[in-house]
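# Structural description and commentary
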Amino acid sequence: MEFTEEIVTDFESTVSEVIELYQHRIQWLLQDSRKVFGVIKGTKVGLLVDVSHLSYGPRLLDFQKNLLCLIDEQLCYKKQLYCLSFSTEISPLWESPKTINVHVLREVRQWIEELEPGRGCNLLKALRHVLPMKELNSLVLIVGSCPDQSFEILCDYTQQCTLGRKVQIHTVIYDCSNPASLTVLKNLAEAVRGCYHCYSSKGENFDSSDFHLLLQESQKAKDLLKSIKQTFQRRVGDLLGSERADVSTAFANTEPSSFFPKPPKHKGPLVIQTPGILGKTSADWLKTYGLKAKKLDLYQVLAPNAFSPVEDFVPILKKTVSSTLHEAMMMQFEWYDGTIKNIHVDLPVLYNYQKLLAKMVRIYEKRVDWLSVASRRIWGSVYERRVVILVDISVTNSTYISHIQHSLRLLLEEQMSDKDSFNIIAFGSDIVPWQQELLPSQPENLEKAWRWVLSLECKGSRNVLSALRRAVEVEFKDKDKHKSQGLYLLTTGIPDQETHTISAYVAEACRGFDLQLHVCLFSVTKGTDSSGIIPARYANPTETASAFKEIVQAANGRFHWFGEAGIFESDDISSIISEMEKAKNYSQKCAFLVESLKQRSVKQSVKPLTPEGHSNVLMRNEERKKQKVPSPKPTAVLKDVKDNHGAERNTPVRVVAWRPPSARAGIPPAQTVKEWPQTENKGKHKPRKQAELSVSVFYTEEGRNVGTIYQRYPKAMHIRKSVCSVTLPKEEEICSSKEWLTKYSIKKLKLELSRLMFDCTHQKKTVECLHKKVSAKYCSIFPSREINGVVKHLQFHPKELKSYTEQLGNVLQRYVQRVQWLLSGSRRLFGTILEANVCVLVDTSGSMGPYLPSVTKELTSLIWEQLRKNEVRFNLLRFADNTESWKEYLVEAADESCHDAVQWVSTCHAHGSSCILAALQKALSFQGVEALYLLTDGKPDTSCSLILKEIERLIKKQDIKIHTICFSCADRGAVEFLKKLASQTGGRFHCSSAGEDGQSAAHRILTEGLDDEDIIA
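The model shown is predicted, which means the values in this text are computed figures rather than measured ones. (Residues numbered from 1 in each chain as written. Predicted model: local features only at pLDDT ≥ 70, side-chain atom pairs only at ≥ 80, totals over all residues. Heavy atoms only, no water.)

### Examining the pairing of strand S34 (residues 931-936)
A regular strand places its side chains on the two faces of the sheet in alternate fashion. Burial runs high along S34: 6 of the 6 residues are buried. The pairing of strand S31 (residues 837-843) with S34 spans 5 bridges and is classified as parallel. Residue Leu-841 lies in a different strand from S34, and its bridge partner there is Leu-934. The pairing of S34 with strand S35 (residues 961-967) spans 6 bridges and is classified as parallel. Bridge pairing links Leu-932 to Ile-962 in S35. (Buried < 20%, exposed > 50% of the residue type's maximum accessible area, 1.4 Å probe, protein only. Helix = DSSP H or I, 4+ residues; strand = E, 2+ residues; numbered from the N terminus. Pairing = 2+ DSSP bridges.)

### Examining the sheet that holds strand S15 (residues 340-343)
Spatial ordering of the open sheet is given by S11-S15-S14, a layout of 3 strands whose pairing is antiparallel. Strands with a single pairing partner mark the edges of an open sheet, and in this sheet they are strand S11 (306-307) and strand S14 (331-334). Two strands pair when backbone bridges link them, and S11 and S15 are joined in this way by 2 bridges, in the antiparallel orientation. Across the sheet, the residue bridging to Ala-306 is Ile-343, located in S15.

### Quick word on helix H3 (residues 58-73)
An ideal rise of 1.5 Å per residue puts 22 Å on 16 residues; H3 measures up with 22 Å between its terminal C-alpha atoms. Turning to H3, its buried residues are Leu-60, Phe-63, Gln-64, Asn-66, Leu-67, Leu-70 and Ile-71. Looking straight down H3, one finds its buried side chains confined to an arc of 160°; they lie on one side. Residues of H3 that are exposed and point over 90 degrees away from its buried face: Pro-58, Leu-61 and Lys-65. (Expected span 1.5 Å × (residues − 1). Arc of directions from axis to C-beta.)

### So, helix H10 (residues 282-289)
Looking only at H10, the buried set comprises Ser-282, Trp-285 and Leu-286. The buried residues of H10 all sit within an arc of 100° when viewed along its axis, so they share a single face.

### Comments concerning the sheet that holds strand S32 (residues 873-879)
Each strand in a sheet pairs with another by means of backbone hydrogen bonds, the pair being arranged parallel or else antiparallel. A sheet is described by the order of its strands in space; here 6 strands give the open sequence S33-S32-S31-S34-S35-S36, paired in mixed fashion. Two strands in the sheet have a free side with no partner beyond their single neighbour: strand S33 (883-885) and strand S36 (989-992). Strand-to-strand twist of the sheet, defined as the mean angle between neighbouring strand axes without regard to direction, takes the value 20°. Where helix H26 (residues 852-868) meets the sheet, it contacts S31, S32, S34 and S35, and its direction lies at approximately 170° from that of S31. (Axes fitted to C-alpha atoms, helices over the stretch in contact; angles between N-to-C directions. Contact = heavy atoms within 4.5 Å.)

### Re the pattern of salt bridges
What the rule picks out here adds up to 27 salt bridges. Between Glu-569 and Lys-549 there is a salt bridge, with the nearest N and O atoms lying 2.8 Å from each other. Here Glu-569 is found in strand S23 (residues 566-570), whereas its partner Lys-549 is found in helix H19 (residues 541-554), with 20 residues between them in sequence. Accessibility expressed as a relative area gives 33% for Lys-549, which makes it partly exposed. A salt bridge links Arg-827 to Glu-865, with the shortest nitrogen-to-oxygen separation between them at 3.5 Å. (Salt bridge = Lys/Arg side-chain N within 4 Å of Asp/Glu carboxyl O.)

### Description of unusual backbone geometry
Positive phi values are uncommon outside glycine, yet Lys-295 reaches one of about 60°. Residue position: Lys-295 is located in the loop between H10 and helix H11 (298-302). We classify Lys-295 as exposed; its relative accessible area is 63%. At Glu-871, a position not held by glycine, the phi torsion is positive, near 55°. Mapping Glu-871 onto the fold places it in the loop between H26 and S32. Overall, the relative accessible area of 56% leaves Glu-871 in the exposed class.

### Description of the confidence of the model for the chain
Scored by pLDDT, the chain comes out at a mean of 76, with 75% of its residues at no less than 70. Between residues 525-532, whose pLDDT stays under 50, and residues either more than four places distant or in other chains, the model counts 12 contacts. Note that residues 1012-1017 has pLDDT below 50 and, in this model, 16 contacts with residues that lie over four places away or in other chains. (pLDDT = per-residue confidence, 0-100.)

In structure tokens, the structure reads:
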């Protein structure tokens, strides 16, 4: 690159101006409210103010003054504002965000002046109150002390609530010297991609994300200016003419690649990861999750309501006539084969179908995102079991060798650990294999391969055909004996050989075998590299991509084209995008059907119901409707006429049987009630049970005469039991699982299948002619289930069954939520602390050495998350050869005591044996203790039976529970001892593993079920 001195001088001047601009910006950030709180972004702001760090006096007044300055300088120009102060409890100014005006600003200023100091910093509770407010697009957290919750809890909750939303989180650490507070809030802001600002009235520990970015850019500009001055020699007055500045390649490439950032530990050892899921091509993945596989193809959904038009020849008309029913009842729709179908449009079905399409599109978007990150962005999804990697190290790639090495590092770390075998072949003009044959994908082999990759040097041209021949004829010489074999070619340009030659070779090599060639094309050059080296063959990026597409098509592989700007083309992603386009097309066709139906409904509502010449038909119909339908007659009626009030009331009652009306005026002879069933039930059929007799008395039209109606009602039919509607609490209750299930078990919620079964018993009767028992004729139609030893048939209607499954699904989802809660935070290791006065005993013997750091971390989380939050009086005790307690009595869970307890926990170190009996004896001596939580990893150093007898003696006069926690213990005897100890004292046994986090454990329990090492609560 050649520049004149004038151009260089102008460039230096521009860089100097940029540096000066950065300095002005920094000075501006250090003024007024921006110095204290930083620059507040967003238009609808939620202001969360921590008052736990305040105290009456000058500190409170300064804080209020700074807040008022923030309101007047920045927040008054926003659109909406929401204010909330918090300590242990929250205190919102309003119920919802307010549009900023003069009255709102006056209320805010008054609220700031009335702020009072509090205790505790319950940041999680404040976030739970504010984050559900969807109208806010910016949150400002002003915190002056360490939050009560850990960083992991705050980060997980914030990330879940802000997922899919554009919310700017701005954390301000106000005048706080606690390093834990600085770390938590800074990491929280970085985890949610927000901003942080640290302010100190003494000028110490000042830091800001905006300030830091400006300093970085300013330093880059200064380094660039320094590089220019060192590279060029100044000559005043004249142009350089023929003697021009030769700018080095390093300077031309000062801006690093955004797509392949070189990590700080580029030459460090591999961090090998085990893939969580089995890799698949998108084509194979769509066989399971495609629209057709999920039966969400539009034509599959419409098929039950689709009918072909009917045409028939009418002799009297002497022509073929088409059916016209569809014009009034159906919509015409073009089918996938080009024919026209008459569709009955079911709006609820189409609405539900479109919801399912939207759900599938979201799944496809996640798949595309997954394919676009990490090593899959470079290599795609590597799914074969035997893999050979071909790497282009031709001389034209000299500038990008670090990028190529980094690409191989990502592949070896993320996708190769679960393969059967692999090899790497580097090629330029010569072929350089890592090994002479495939080796197992073991960690030591992967590490050796990485060390070999670091030693590669670029030279020669691009001999792709020789590399392919080497891989096919040596590595895959026995390709007919294996399945799932793949070649992955990473290159940056057109091969030395002709495209048709390579295509013919790979087609012949892969035909009839489970072997595919996949090409990963990295576009970096434009004909020549920075050293002016011309490749053996030249083609622009588009021509190069077309050539490799032809090669890949011949080998039944996949093509992946990427560059510094991102992914240009990928067969895997194209398949998913195609399925998304199909879903979009189906959704548009559904919308067209619905719109057409609406338009037809409007037209029909405008038309008259019948032609004018047939209006008399409507009139006749209306007249018929006006006629009254005769009411049914009673079963039996008797008028008991009483001429005077002195008549006896115990006259025998006789009932007249009703008969159809006849021409005879006489009343037929009556029968008594007792005789009626006998005459009616004469016949061959078995007599039915007598129905209950109903008596109704009424006054007649003749004076005070009374009439009586007797009517027999048939026996009441069996009423079907309905499925109960279930309401489950959203918030978690602090109780044991046993207590929780007494309220929300399947039996308590009345959702047991046996309760919903009806009295339809599966029976078999003996058939004499067959000499065996035979089921009923239609017995096989109804599903059966054994309930309490009796086989019964299910008689659910579809709606009832759907309602029952929905209720069970809701209950199961709530159970899953409870399990995840039990396995989150400190509950994963210690379980749930139920009592108000407890002592925690921690084993610090030598065997706990590898696990002690994680145990102390979890114990710290327990102190803040459960003991401090629930205000539990507590004490801590560690034991090895001897016992050592934190205090000699139970202590209230205040901020100071919790900080002191955490400091004491950090001094734990592993040594000696486990004196469990002495630790229990000392813990039981604490005044007012209600429960002990014993954490250990093995058997005690004394007899287990002796400890059980001694504990039984000690707790006879006290109601103290001992909850035992078995930590990473493989000794069955120790596990049984801890179970007996917990059972003997009415406590709970809890088993936890050190190598598995809570979410993984929850997923394993829900998918594989419980085993002996899982939590038993």
